Structures are given as C-alpha cells and as structure tokens.
Amino acid sequence: MRVVARAPMLSSTNKIRVSKRLIDRFPREMVVCARTVSWPALLAIVALVGVASYHLGRASMGAPTPVVPGGAVDRDPGEQFEEAEGDEPVRPPKKAQPPKAQPPAKPAPKPQAVKKKKPAESAESAAQTAYVGCGRDQVDDIYYACRRAALLVGCGDLCNTSMPGEPGPKFRYFHKHINCRGLWANAAIDESLSEKQWPPPQMPPEILMRDFSHGGKINVFSGGHWVQRYAGGDALSNRWTKDELEGMKREAGAGSLGGTYGNRETNNLLTGLKTMDLINKTVLVIGSENPWVEASVLYAGAREVHTLEYGKIVSEHPQVKTFTPDEARERFLAGKQELFDAVVTFSSVEHSGLGRYGDALNPWGDIQTIARAWCVTKPGGQMLLAVPECGRPEIAYNAHRCYADDMWGTLATNWRMLEWTGDTGHRIHVFERQDNKD
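Owing to the predicted nature of the structure, the values given are computational and were not obtained by experimental measurement.

Each value, and the rule that gives it
- Residues numbered from 1 in each chain as written.
- Predicted model: local features only at pLDDT ≥ 70, side-chain atom pairs only at ≥ 80, totals over all residues.
- Heavy atoms only, no water.
- Pairing = 2+ DSSP bridges.
- Helix = DSSP H or I, 4+ residues; strand = E, 2+ residues; numbered from the N terminus.
- Axes fitted to C-alpha atoms, helices over the stretch in contact; angles between N-to-C directions.
- Contact = heavy atoms within 4.5 Å.
- Buried < 20%, exposed > 50% of the residue type's maximum accessible area, 1.4 Å probe, protein only.
- Salt bridge = Lys/Arg side-chain N within 4 Å of Asp/Glu carboxyl O.
- Left-handed = near helix turned anticlockwise from the far one by under 90°.

1. Considering the sheet that holds strand β11 (residues 415–421)
Then, number 1: If you trace the seven strands from one edge of the open sheet to the other, you get β6-β4-β3-β7-β8-β12-β11, paired in mixed fashion. At either margin of the open sheet sits one strand with a lone partner, and together these are β6 (320–323) and β11. Across the sheet, the axes of successive neighbouring strands diverge by a mean angle of 20 degrees, strand direction being ignored.
Then, number 2: In the packing of helix α12 (residues 365–375) onto the sheet, contacts are made with β3 (282–286), β7 (340–346), β8 (377–388), β11 and β12 (426–433), and the angle to β8 comes to roughly 155 degrees.

Here it is, written out as structure tokens:
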C-alpha cells in the first residue's frame, strides 16, 4: 500500500505559530535547516517527524509497532492519509488459531494369542511307549535292551547306583529325588514272565549284568535255580480266614508264633514293632506267603493292615485288606490311594526282579519297591525293613540279594535309619521317612 501526505495551505499567522512550535520541540540545527527550505518541504518534514515521534513513544512504552503490507507504518488517528486507488484495504493481522485437536490415538493392537506348547508326555504314556514294543514272548538281547529302557522311565537318580551317599550310623544315607508319579505309572516294573519266558534264565543276561551288580560293586553268582511262580496269578496262600489271623495274633502275644522263619525271627520282628507307634494306625505290609507278619502288626495295635503281594489273596478278616501291584498302580494313578502311617516288610524285597516268583527281571526291583512305599507313606512315617544281611553285598541269583554297605543305603533311599536290632539272618531296621530332594 502507498501512503501519500497531503500538505494543507497555511496563512502567515499559522506559519509563525508552526515556527515557534518547531523551536520549542526540535534542536536548533533542525530549526536552522527549516528556515533555509521552502514551506511545502518544511511541512512535509514536520509531518514525518511527528509520525516518527509517535512510534518512538510507543516503542519506549513496550508497545509493538504494527507493520502493514508494502512497508508503510500503520496510520495515526491524528494524521490525514488516504489510500491510493486500486490498492487493497489494510486489514489487521489474523488472530492466532488454537492448534487443531489431534485425532484420538488408535487403540493398541490386541496381543497375539500365544500358541500353547504341546503338553509334555505323561509318565503313563512314556512308560507305555517305552515298553509296548518289547515283546513279552521274546528272550533275546533286543527284548532285554527294550525292557531295560522301559524300567528306567520315571526312575531318574533313584536307579543311579553310582551316586555318593552321606555318612550314617551304620551305612551311608542316600537322599535323592523320587518321581512318584513316574514310578507308579510304569507298568514294566510290575510285569510278570509270560509262558514263553518261563522259567527265568539261570543267570542274568549280559546286557543287564552291570545293572544287577551296581556297576561291579556287587558280586553276582549262581544261588540255584528257584522256580516258585505265582506272580500274575493266585498267591501260594490265597485265602486268609478271620480265625486263622486271630489265632496267629494270640500266638504273637504269647511269644509262640513260628511264622515262616521260626519263632526267633518272629520275636525279633515283634521287638522291632514295639519301637514303632502303631496304635490305631494304618500299615502297609509288602510281601507275605502267609499272614504271620499281618497278625504281628495287628497285635502291635494297628487299626488296619493293607498287604501288597504279587499274587491275589482273599482276606476274610475285617482289618486286613489285600491288593496286587497292578491294582495298587491303578489306585495311585486315579488319586484313590490313601497314605499309610507306617510300612512293614520282612524278607520280601530282596527277591524283587530276580524272576524266582514269576516276576520279570528287574535289576532295580528292590529299590523301586521301597521307593514306591515311600511315595504312599505319610511325612514322618516309619518303616520296619528286614532283609538278609551279609559281610559284603552280593546276589545269589535267582534266590535273593544279601545287603551290606552302599547296597543297604541305596535300598533305603530317603529313609533315615533310627535303630536296628536282632542277631539273626534278618536284622530288624527301623527308619523314618525323610522329605524328597528337590
């Protein structure tokens, strides 16, 4: 925009008044300059000086000097200006607009569903898979290698007989992790010999010999060829009457019960039972050809006795229940197996896995049997264990094992020995259940 100053016409009187004002408002140099120029030029200078003075005053008070397009300054209300034709009118600057509202943020994408991993194979499935292809009608190395692999399913460190133990009162104590679900799910442990596999071999097959000998620490030799098959069928004494058991119970009280191994062994058992708190307790008995151990336990005050035996037994005594390994396994896996207050076994587990009673060969049969008993015993429960004891560990195959040193400690894994008694071939050892190793 162009701004043009229009100079008004002045009379002589007005000229004098303007001159006096200039003298009062401006320095002498400017007044002298004004006297030497013409009146129209002087008036133009005065107009420009007035505009400059106005804006300088605004600036000194902190007010901004408005600027218009074209470079000219904004007009003062006391001055006379006009806009040239064709020029656009001067408009005040636009007010600052508030910032536009940002659009709402998009919702975060939903997390992608994590694909669930395929559940680990259950102990039951693993054991079944390991054993299903072994072929129970075979007796060659392929069968025994397959069976060995199946027996180790779920066993873990329990079957590692080379692990060191801790010092104990009589033999070293072994503390390991016992996989109860894995042990009880493994049907290979409870397998019996088929018709084509009977009778058992006169010596362990070479592929199992190192396992039977605990890596060479146990002497394995021939102890005769024993064949008393009843595993998977009926027990030798398969019906126990109430009168029979009550009669044995009275004999135990009188100290005259002969049992299977004679009166002396029976009285040693009764001495050991007296060290245990069995009053009104539920007791698991492992292995019985006849119920002399059950009668002794009832005499010691037990409320109920449950006998685990290879063969089927019918008990007619209301306080004595019986079941086979297969029935025990099914009960455990179904979550229906109760926990026992105590365990009693006399001259039984040393035969486990040797084939003498029709059971399939198992180098760890004794260890796994006692570990399974540990699994169904209440915390702090006790176990009375009597097995043959020798000066050195050995296996008189296929008659029995004879325990000493680490063979004893490995058998009693996670059981802490409290005391032992007796001077016969089956010394009585009483243990207390210890917690599992993480």
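Still more to cover.
2. Things to note about the environment of Met 248
Then, number 1: Take Met 248: it is sitting in helix α8 (residues 242–254).
Then, number 2: Its relative accessible area of 16% is what places Met 248 among the buried residues.
Then, number 3: Separated by 46 residues in the primary sequence, Met 248 and Glu 294 place their C-alpha atoms 9.0 Å from one another.

3. Structural notes on the pattern of salt bridges
Then, number 1: One pass over the full model with this rule turns up twelve salt bridges.
Then, number 2: In this structure, Asp 406 and Arg 172 form a salt bridge, with 3.0 Å as the shortest nitrogen-oxygen distance. With Asp 406 in helix α13 (residues 405–411) and Arg 172 in the loop between α5 (141–152) and α6 (180–185), this pair connects stretches of sequence that are 234 residues apart.
Then, number 3: With its nearest N and O atoms 3.0 Å apart, the salt bridge here joins Asp 341 to Lys 378. Pair noted here: Asp 341 is in strand β7 and Lys 378 is in strand β8, with a separation of 37 residues, a long-range link.
Then, number 4: On the basis of relative accessibility, which here comes to 18%, the residue Asp 341 falls in the buried class.

4. A short note on the packing of α8 against helix α10 (residues 292–299)
Then, number 1: For the pair α8 and α10, interaxial distance at closest approach is 8 Å and the crossing angle is 65 degrees. Viewed along their axes, α8 and α10 form a crossing whose handedness is right-handed. Note on element contacts: α10 touches α8 through Trp 292, Glu 294, Ala 295, Ser 296, Leu 298 and Tyr 299, opposite Leu 245, Met 248, Lys 249, Ala 252 and Gly 253.

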